[in-house]
Amino acid sequence: MLYNILDDLGKRLNIGGLSTAVMFLTSFALVMICLKVFRRVLPKDQGREFAVNGSLSEGKARGAGIIFITCFVFLTALFIPLNLEIVLYLVFIYIAMLSGYFDDAADEPWGNLKKGLIDLVVSGGIAGVYYYYNSSKIFIAVIEKSFNVPPVVFIVLATILVWASINVTNCADGVDGLCAILCMVSIFFINRLLVDTHMMSMGMIMLAVLGAYLWYNCSPSSILMGDAGSRALGVLLALMCLKTGSPIIFIPFAFMLIVDGGMGLIKVSFIRFLKIKGFMKNIRTPIHDHVRKNKGWSDTQVVTRFTIVQIAICVCYYMICS
């Protein structure tokens, strides 16, 4: 494949990292061009009635995830030697993206049941494929011990991990640049723990892809990733954590995504299923809406402060476990 050819050329010319540099720059350039050219065909955002400053999104190109996730899949096929395992991962990532895009483009938003069933299929598919090609062994770095988890239990837990990652990442997409930057921080640190070189390359490609997207999505944004981008990113984050052999790292390495998006899931679950109507009544979710509305933070402050906290947690965990 192209990556191997460039790697061999780099060794001959004594230029370390040539293949990675070419891969990264090509990915960044392609997504920059595609977003600029194809953004005009994207559906327009209608504004979000219940979100803080939701009206500011009205009229912006929405669903840009269909562009940059398509580029990501193409670039992965271009630079990484494909096998059935990687192909299946890409298929499920693309299904997650398409489900989000069709929801973005629909005149009436899809119901929670329909989206939940699709998430379950994608999550179960990723969990099953991972187990088939890898194992059910997990490593906990803090205590430096490995455990063999029963296959059924492992697949159930892995499915929950992917499902949770899809939804917290999706919920965190509500402030210009926030979801993309937090995902970039998570991917960067997860990549440092990966042994699988193909998955590392996928992580590098996604960093370049998100960098190009942020060129247009930084405040004030002109395009939005929509569910098409956030749901696919959630799948990739969970998959990368699984590939480290220590899926529990999702908690520290995606901490601010979990806090921002996860609190809303917890609140809804307690109110809807446990009938606790007053649960977290003074906390607006997602948390990025709470700090903007109740604490008076600007969008820039939200992105900067959330990112600082995420980097600090990632660095601390990495130093403790390395």
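What you see is a predicted model, and the numbers here were worked out from it, not measured in a lab.

1. A look at the overall build of the protein chain
Within the protein chain one finds 13 helices and 4 strands. Out of the 322 residues in the protein chain, the part that is buried amounts to 49%. Summarising the internal contacts of the protein chain: among those between residues at least 6 apart in sequence, 74% fall at separations of at least 24. In the form shown here, the protein chain has an accessible surface area of approximately 15300 Å², with 67% of it arising from carbon and sulfur atoms.

2. Comments concerning the pairing of strand β3 (residues 145-148)
If a strand is regular, its side chains alternate between the two faces of the sheet. Pairing geometry for strand β2 (residues 137-140) and β3, over 4 bridges, is antiparallel. Pairing of Ile138 across the sheet is with Phe147, part of β3. The antiparallel hairpin formed by β2 and β3 contains 4 residues in its connecting segment, where Glu144 sits at a positive phi of about 55 degrees.

3. As for the nonpolar core
Grouped together as the largest cluster of nonpolar side chains are 88 residues, with contacts concentrated most on Phe72 and Met206. The residues touching Met206, leaving out its near neighbours within four places in the chain, are Ile69, Phe72, Ile187, Leu233 and Leu236.

4. Quick look at the packing of helix α7 (residues 178-191) against helix α13 (residues 299-321)
At a minimum axis distance of 10 Å, the contact between α7 and α13 shows a crossing angle of 15 degrees. Judged by the angle between their axes, α7 and α13 are roughly parallel. Along this stretch, α7 crosses α13, giving a crossing that reads as right-handed. When α7 is examined against α13, the residues Leu178, Ile181, Leu182, Val185 and Phe189 are found in contact with a partner set consisting of Val302, Val303, Phe306, Thr307, Gln310, Ile311, Cys314 and Val315.

5. What about the pattern of salt bridges?
Applying the stated criterion to the full structure yields 8 salt bridges. Residue Asp103 pairs with Lys115 through a salt bridge whose shortest N-O separation is 3.5 Å. Residue Asp103 is located in helix α4 (residues 84-105), and its partner Lys115 is located in helix α5 (residues 112-133); the two are separated by 12 residues in the primary sequence. Taking relative accessible area as the criterion, Asp103 reaches 9% and is therefore assigned buried. The partner of Asp119 in a salt bridge is Arg231, with the nearest N and O atoms 2.4 Å apart. Separated by 112 residues along the polypeptide, Asp119 in helix α5 and Arg231 in helix α9 (residues 226-243) bring together distant segments of the chain.

6. What about a nonpolar patch on the surface?
A surface patch of nonpolar side chains, amounting to about 630 Å² of accessible area, comprises Leu82, Leu84, Val87, Val91, Ile95, Tyr132 and Tyr133. Broken down by secondary-structure element, the contributors of at least two residues to the nonpolar patch are α4 and α5. For the nonpolar patch, the element with the most residues is α4, which contributes 4 residues. Structurally, Val91 can be placed in helix α4.

7. Some remarks on the packing of α4 against α5
In the contact formed by α4 and α5, the axes pass within 10 Å of each other and the chain directions differ by 170 degrees. What the angle tells us is that α4 and α5 run roughly antiparallel. On α5, the residues that touch Leu84, Glu85, Leu88, Tyr89, Phe92, Ile95, Ala96, Ser99 and Asp103 of α4 are Lys115, Ile118, Val121, Val122, Gly125, Ile126, Val129, Tyr130 and Tyr133. Residue classes in the contact of α4 with α5 are distributed as 13 nonpolar, 2 polar and 3 charged.

8. Here we look at the layout of surface pockets
Of the voids in this model, the second largest pocket is the one considered here, and its volume is about 470 Å³. At the level of secondary structure, the elements contributing two or more residues to the lining of the second largest pocket comprise α6 (151-171), α10 (250-253) and α11 (255-272). Ranked by residue count, the leading element in the lining of the second largest pocket is α6, at 7 residues. Residues that form the lining of the second largest pocket fall into these classes: 17 nonpolar, 1 polar and no charged.

Thresholds, definitions, all that
Residues numbered from 1 in each chain as written. Predicted model: local features only at pLDDT ≥ 70, side-chain atom pairs only at ≥ 80, totals over all residues. Heavy atoms only, no water. Helix = DSSP H or I, 4+ residues; strand = E, 2+ residues; numbered from the N terminus. Buried < 20%, exposed > 50% of the residue type's maximum accessible area, 1.4 Å probe, protein only. Contact = heavy atoms within 4.5 Å. Areas by Shrake-Rupley, 256 points an atom, 1.4 Å probe, with all protein chains shown as cover. Pairing = 2+ DSSP bridges. Core = buried A, V, L, I, M, F, W, Y, C linked by side-chain atoms within 4.5 Å. Axes fitted to C-alpha atoms, helices over the stretch in contact; angles between N-to-C directions. Parallel < 35°, antiparallel > 145°, perpendicular 65-115°, else oblique. Left-handed = near helix turned anticlockwise from the far one by under 90°. Salt bridge = Lys/Arg side-chain N within 4 Å of Asp/Glu carboxyl O. Patch = residues over 30% accessible without salt bridge, like charges linked within 9 Å, V, L, I, M, F, W, Y side chains within 5 Å. Nonpolar A, V, L, I, M, F, W, Y, C, P; charged D, E, K, R; others polar. 1 Å grid on protein atoms, 1.4 Å probe; cavity = no way out; pocket = protein on both sides within 12 Å on 5 of 7 lines; lining within 4 Å. Points joined across faces, edges and corners; volume = space filled by probe spheres on them.

Coordinates in, geometry out; function isn't part of it.
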